[in-house]
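# Structure at a glance
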Amino acid sequence: MSEMSDFWRELSNRYAKEDWAKVPSIFATQVYDYIPDDCEMLELGCGQGQDGLWFAAGKKRIGVLATDVEQAALENAKKRRHELNVESIEFEQLDLAQPFRYENDTFDVVYSHLALHYFDTKTTEQIFSEIYRVLKPDGILAFLVNSVNDPEYNTGTKIEDDYFETEGTKKRYFSIKTAKEFAKNFDMILCDEQGETYKDNAKGVHNLVRFVGVK
């Protein structure tokens, strides 16, 4: 197993023990009103599955395909699905750095919570192109990513602008400007630096980049 796979497996198993991994994220609750009823959602980087499970268990009849590159995270999420008896969600392994295997115009919503900021510029552009491709016309994209105002910004080894390697992983930091640039094919509904997570709130970080747009 590669060093990077070891990193993600260890992180996933550690996160599974956290209380915040068993409740919907702040971002999920903030964007819920933008998500239509009776829709199909693709979640990118589902982690422990808490957001996808919450969406699927709600009153909007959301069918969720929750994906992650880390098999350990997916196994933890499947256990939670069984415990909560949530039927309208499936879990599947997906490497975001590779072209998506889904057909054009498949999903009504693409949702991602802190999973789109681990890639170089070329790969990030490819990911946003794939998101656009698999969304239906008028489909919704909602994502939360790290901010250039994060205290960890400009630490570690710089790989390219806003992209650094620190403590075994590579991470990109977005601004409102770069979020809009990567999502330039979408009509913006929301883009700001007011995103929060339970984990980052404990460190005093309250300025992650939120984006919601429509195809």
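Each chain carries its own residue numbering, running from 1 in the written order of its sequence. At least 70 in pLDDT is required for a residue's local features to be given in this predicted model, at least 80 for side-chain atom pairs to be given and counted, and no such filter applies to totals for whole chains, interfaces and linings, which use all residues. By convention in this description, side-chain values take in all heavy atoms of the structure and omit both hydrogens and water.

### Side note on the sheet that holds strand β3 (residues 89–93)
As summarised here, the arrangement of the 7 strands in space is β3-β2-β1-β4-β5-β10-β9, forming an open sheet in which the pairing is mixed. Here the strands that pair on one side only, and so sit at the sheet edges, are β3 and β9 (187–195). Averaged over all pairs of adjacent strands, the angle between strand axes in this sheet comes to 15°, irrespective of strand direction. Following DSSP output, two strands are said to pair if at least two bridges run between them. Think of it this way: any DSSP run of H or I at least four residues long counts as a helix, any run of E at least two long counts as a strand, and we number them from the N terminus. Pairing of strand β5 (residues 135–145) with strand β10 (residues 208–214) involves 6 bridges; the strand directions are antiparallel. Considered in β10, the bridge of Ile140 is made with Val214. Seen against the sheet, helix α3 (residues 50–57) touches β1 (39–44), β2 (62–68), β3 and β4 (107–113) and runs at an angle of roughly 170° to β2. In the packing of helix α4 (residues 71–84) onto the sheet, the strands contacted are β2 and β3, and the crossing angle to β3 comes to about 165°. Note on geometry: axes are C-alpha line fits, over the in-contact stretch for helices, and angles between N-to-C directions span 0 to 180 degrees. Any two residues whose heavy atoms approach within 4.5 Å at even a single point are treated as in contact.

### Overview of the nonpolar core
Each nonpolar core is a collection of buried residues, namely Ala, Val, Leu, Ile, Met, Phe, Trp, Tyr and Cys, held together in the definition by side-chain atoms within 4.5 Å. With a 1.4 Å probe rolled over the protein chains alone, any residue whose accessible area is under 20% of its type maximum counts as buried; one over 50% counts as exposed, and the rest are partly exposed. One finds Phe55 and Tyr111 to be the most contacted residues of the largest nonpolar core, which totals 30 residues. Other than its neighbours up to four places away in sequence, Tyr111 contacts Ser25, Phe27, Ala28, Val31, Met41, Leu42, Glu43, Leu44, Asp51, Phe55 and Ala142.

### So, the sheet that holds strand β6 (residues 157–160)
Strand order in the open sheet formed by 3 strands is β6-β7-β8, and the pairing between neighbours is antiparallel. Of all strands in the sheet, those bounded by a partner on one side alone are β6 and β8 (169–172). Across the sheet, the mean angle from the axis of one strand to that of its neighbour is 30°, orientation sign disregarded. The pairing of strand β7 (residues 163–166) with β8 spans 4 bridges and is classified as antiparallel. Within the sheet, the bridge partner assigned to Tyr163 lies in β8 and is Arg172.

### Quick word on the packing of aromatic side chains
Stacked, tilted and edge-to-face are the three classes applied to pairs of Phe, Tyr and Trp rings, where Trp contributes its six-membered ring and a pair requires centres within 6.5 Å; stacked means planes under 30 degrees apart, edge-to-face means over 60, and tilted covers the rest. Applying the stated criterion across every chain yields a total of 15 aromatic pairs. Judged by centre distance (5.7 Å) and plane angle (20°), the rings of Phe27 and Tyr111 are stacked. Here Phe27, found in helix α2 (residues 26–31), pairs with Tyr111, found in strand β4; they are 84 residues apart in sequence, far enough to count as distant. Tyr111 carries the same exposure label as Phe27, and that label is buried. With centroids separated by 5.9 Å and ring planes inclined at 20°, the aromatic side chains of Phe128 and Phe182 adopt a geometry described as stacked. One end of the pair, Phe128, is in helix α5 (residues 121–134); the other, Phe182, is in helix α6 (residues 176–182), and 54 residues separate them in sequence. For Phe182, a relative accessible area of 14% corresponds to the buried category. Ring pairing ties together the aromatic residues Phe27, Tyr32, Trp54, Phe55 and Tyr111, which thus form one cluster. Counting as a charge over the ring demands two things of the Lys NZ or Arg CZ atom: a distance within 6 Å of the ring centre and an angle within 35 degrees of the ring normal. Directly above the aromatic system of Tyr32 lies the positively charged group of Lys60, at a separation of 4.3 Å from the ring centroid. Above the face of the Tyr132 ring, Lys215 is positioned so that its terminal group lies 4.6 Å from the ring centre.

This is a description of form; function is not addressed.
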